[in-house]
Amino acid sequence: MIMMPRRAVRRLLLSIGATLASAWAVPVSAGPLTYEQAVRLAAANAPSLKARAAATAGARSSAVAADRLPDPTLDLGLQNFPVSGPNAGSFTRDDFTMATIGFSQTFPNLAKRHARAARAAADIGIAEAGELVEGRNVRLETALAWVDLYYGERRLRQLDLLDASLDDLQKTVTARLASGSARPSQALEPDQLRAAIADRRAEMAAVVAQARARLARYTGDPDPQATGDPPILDVDPIRLRAGIDALPAVRAQDARIAVAEADVRLARADKRSDWKVGVTYGRRDPMYGDMASVGVSIDLPMFAGKRQNPRIAASESLVQGGRFDREAIRRELVAQLDADLADHAMHLSRLRNARETLVPLARRRAELDRDSYAAGKLDLGTALLSTLALAEAEVETLNREADVARDAVRINITYGEERP
């Protein structure tokens, strides 16, 4: 074990303690994105949201023509042209031969047109629900990435400052070796501690890089930096449970049910007749005179038991299945909310325990061991281990604070009311 002058050790321990306190208190260096800015930027720039918005615009455009009449038809023809007998091949010898031009218009039954309009409206609902779902996903992923980046940078900064504080220990050991009062093997202790910190730093650097990449994906900022304070979000279980039916996942299922119900109306409308009106003008040889015709065609939906009724029953089954799926989605969301609330309560308890018990105890132990070494009652190694244990407790507190922030963000965005 390294033996050091008590005054030098005291300076070293005080330096490490001051480093820890500084790391805990100093905020992350300024960057371009606060939490609110990151979420707003993602909502404006995320390509997936723009794609969903384009799909919604397309559905609205398609709905304009959903219940319109089909285009009229221009009919051109040659009627009663003789191909045999004494007048074969002549356009003028037969008084029935004529060139015709006409127009026809199909009139789907009114129930079918209304059903098509309802189906188009339901398609708009599905597109809008998809946009809401994607918007919530983008906000959630952006918010979590910002929180991970914020706390990752704080922990990384703390490890950097702790690593720098080991320089004093290295200088002290070098001086002790030069004077011959320390064993050569004791010179390895600072490097061993620095290697352990380097491992932790490498892990945390990877976490920071991953969070920055996720944030860049949604905001479009190639090198986002987290600045400002983390969001302070209250979790209100009563309000969250009351808003389950308004969540995008449930609204998306409601839209799918509306589509199925519109399909039922379409299937039932097939049991009603469509009709078609046509007007034709026939041009003949002037000696015979021209002719005009008017006709009406009416569909005859016969044999409904083998045609329309099976399709109606199939569509009604899809509606019933969609309603069961909605209840399953709702129950799953309620169960997920309860599970997330339980995790949040556990993380809050762990954070309070760290702040009120673990860190104060670790700090008190480090102070007592420092005083004991100064009084010659404790070796240097034990005193340093106590100081490092305090550093671990501080880092663990940051971890627990990050867990609480992630919980609050996830719960409020996932289960909170949809913003307009």
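Before reading on, note that the structure itself is shown above.
Residues numbered from 1 in each chain as written. Predicted model: local features only at pLDDT ≥ 70, side-chain atom pairs only at ≥ 80, totals over all residues. Heavy atoms only, no water.

**Thoughts on the nonpolar core**
The condition that has to hold: Residues belong to a common nonpolar core when they are buried Ala, Val, Leu, Ile, Met, Phe, Trp, Tyr or Cys residues joined through side-chain atoms within 4.5 Å. Summary of the burial criterion: residues with accessible area below 20% of their type's maximum are buried, those above 50% are exposed, and those between are partly exposed, where the area comes from a 1.4 Å probe applied to protein chains only. Helix and strand definitions here come from DSSP, where helices need a minimum of 4 consecutive H or I residues and strands a minimum of 2 consecutive E residues; each element is numbered from the N-terminal end. Whether two residues are in contact is decided by their heavy atoms, any of which lying within 4.5 Å being enough.
If you look at the biggest cluster of nonpolar residues, it comprises 28 residues, and the most contacted ones within it are Tyr35, Trp146, Tyr151, Leu215 and Val409. Only helix H2 (35-45), helix H4 (110-179), helix H5 (188-219) and helix H9 (380-415) provide two or more residues apiece to this core. The biggest single contributor to this core is H4, with twelve residues. Apart from residues no more than four positions distant in its own chain, Tyr151 is found in contact with Pro230, Leu398, Glu401, Ala402 and Ala405. Within the second largest apolar cluster, nine residues are counted, among which are Leu333, Leu337, Leu341 and Ile411.

**A short note on the environment of Asp254**
Residue placement: Asp254 occurs in helix H7 (residues 248-269). With a relative accessible area of 30%, Asp254 lands in the partly exposed category. In the structure, Asp254 is positioned 68 residues away from Gly322 in sequence and 8.2 Å away in space, judged by C-alpha atoms.

**With respect to the sheet that holds strand S2 (residues 98-107)**
Rules: Here, strands pair whenever DSSP counts at least two bridges between them. Every angle, taken between N-to-C directions, lies between 0 and 180 degrees, and every axis is a line fitted to C-alpha atoms, over only the stretch in contact when it is a helix.
Spatially, four strands are ordered S1-S2-S3-S4 in an open sheet, and the strand pairing comes out antiparallel. The sheet terminates laterally at strand S1 (73-79) and strand S4 (291-298), the two strands that pair on one side only. Neighbouring strand axes in the sheet, compared pairwise and without regard to direction, differ in orientation by 20° on average. Bridge analysis of S1 against S2 gives seven bridges, and the strand direction is antiparallel. Looking at S2, one finds that Thr73 is bridged to Ser104.

**Details of the packing of aromatic side chains**
One pair of aromatic rings is described through two measures. These are the centre distance and the angle between the planes. Defined as follows: Centre distance within 6.5 Å is the pairing criterion for rings of Phe, Tyr and Trp, where only the six-membered ring of Trp is used; planes under 30 degrees apart are then read as stacked, over 60 as edge-to-face, and the remainder as tilted.
If you walk through the whole model with that rule in mind, you get four aromatic pairs. Taken together, a centroid distance of 5.2 Å and an interplanar angle of 10° make the contact between Trp146 and Tyr150 stacked. Note that Trp146 and Tyr150 are positioned in helix H4 at a spacing of four residues, about one turn of the helix. Pair check on accessibility: Trp146 and Tyr150 agree, each one buried. Pairing Tyr150 with Tyr151 gives two aromatic rings, centres 5.0 Å apart and planes at 90°, and the pair type is edge-to-face. Given a relative accessible area of 2%, Tyr151 falls into the buried group.

**Quick notes on helix H3 (residues 47-63)**
Quick reminder of the rule: Each residue after the first adds 1.5 Å to the expected span of a helix. To obtain the arc, one takes the directions from the helix axis to the C-beta atoms.
For H3, built from 17 residues, the straight-helix expectation of 24 Å at 1.5 Å per residue is met to within 8% by its first-to-last C-alpha distance of 25 Å. Considered for burial, the residues of H3 that qualify are Leu49, Thr56 and Ala59. Down the axis of H3, the buried set is contained in an arc of 80°. They therefore lie on one face. Of the exposed residues in H3, the ones pointing more than 90 degrees away from its buried face are Pro47, Ala54, Ser61 and Ser62.

**Structural notes on the environment of Ala391**
For Ala391, the position within the fold is in helix H9. Between the C-alpha atom of Ala391 and that of Arg363, which follows or precedes it by 28 residues, the distance is 9.1 Å.

**Considerations on the pattern of salt bridges**
Here is the rule we go by: By definition here, a salt bridge exists when the distance from a side-chain nitrogen of Lys or Arg to a carboxyl oxygen of Asp or Glu is within 4 Å.
Applying the stated criterion to the full structure yields 27 salt bridges. For Glu261, the salt bridge goes to Arg323, with nearest N and O atoms at 2.7 Å. One end of the pair, Glu261, is in helix H7; the other, Arg323, is in helix H8 (residues 308-374), and 62 residues separate them in sequence. Overlapping salt bridges bring together Lys112, Asp270, Asp274 and Arg311 as one network.

**Let's talk about the pairing of S4**
Within S4, only zero of the eight residues are buried, leaving the element largely exposed. Where strand S3 (residues 275-283) meets S4, eight bridges bridge the pair, whose relative direction is antiparallel. In the strand pairing of S4, Trp275 is matched with Ile298.

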